[in-house]
Structure formats: structure tokens, C-alpha cells
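# An overview of the molecular structure
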Amino acid sequence: MRHRSGLRSRDLVLMAADPNHDVLVVHPLAALDTMITTYHATLTTTGTADGPGGGPR
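### Brief notes about the layout of surface pockets
To find leftover empty space, a probe the size of one water molecule is rolled over the atoms. The volume enclosed by the largest pocket comes to roughly 160 Å³. For the largest pocket, the full set of lining residues is Met1, Arg2, Ser5, Leu7, Val26 and Pro28. Secondary-structure elements contributing two or more residues to the lining of the largest pocket are helix H1 (2-5) and strand E2 (23-28). A per-class count over the lining of the largest pocket returns four nonpolar, one polar and one charged.

This is the structure we're talking about:
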């Protein structure tokens, strides 16, 4: 499974389970870094965490 997903034996990951849907998601730290960086970049361009137009006021 690691080979198919591109993970090496010592790679650090975040595992998140949703037992209600029988799902286990494995996020490599590099992917989390990209997700967080992208999210924070949207905050600086939109000014809010709610995206364009902002949230309720």
C-alpha cells in the first residue's frame, strides 16, 4: 500500500478515521503543508476564512 501511495516506511503522516463511513485517510505531512499554505494564502487574498465576500456580519 505504501508503494502504491508513494509513502516510504519512515514518512510521517496524519491518519484520520471516520468510523461512521468506514474510511481511513492518510495524509503525508507534505500534503498537509500544501493544504495549510494554500488555505492561509486564501485568507490573505480574501480577508476571511469564508472565501470571497466574507461571512455573516
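Back to the write-up after that little detour.
### Here's the deal with the environment of Leu7
Inspection of the secondary structure assignment puts Leu7 in the loop between H1 and strand E1 (13-18). For the pair formed by Leu7 and Pro28, sequence separation is 21 residues and the distance between their alpha carbons is 7.7 Å.

Conventions we followed
- Residues numbered from 1 in each chain as written.
- Predicted model: local features only at pLDDT ≥ 70, side-chain atom pairs only at ≥ 80, totals over all residues.
- Heavy atoms only, no water.
- 1 Å grid on protein atoms, 1.4 Å probe; cavity = no way out; pocket = protein on both sides within 12 Å on 5 of 7 lines; lining within 4 Å.
- Points joined across faces, edges and corners; volume = space filled by probe spheres on them.
- Helix = DSSP H or I, 4+ residues; strand = E, 2+ residues; numbered from the N terminus.
- Nonpolar A, V, L, I, M, F, W, Y, C, P; charged D, E, K, R; others polar.

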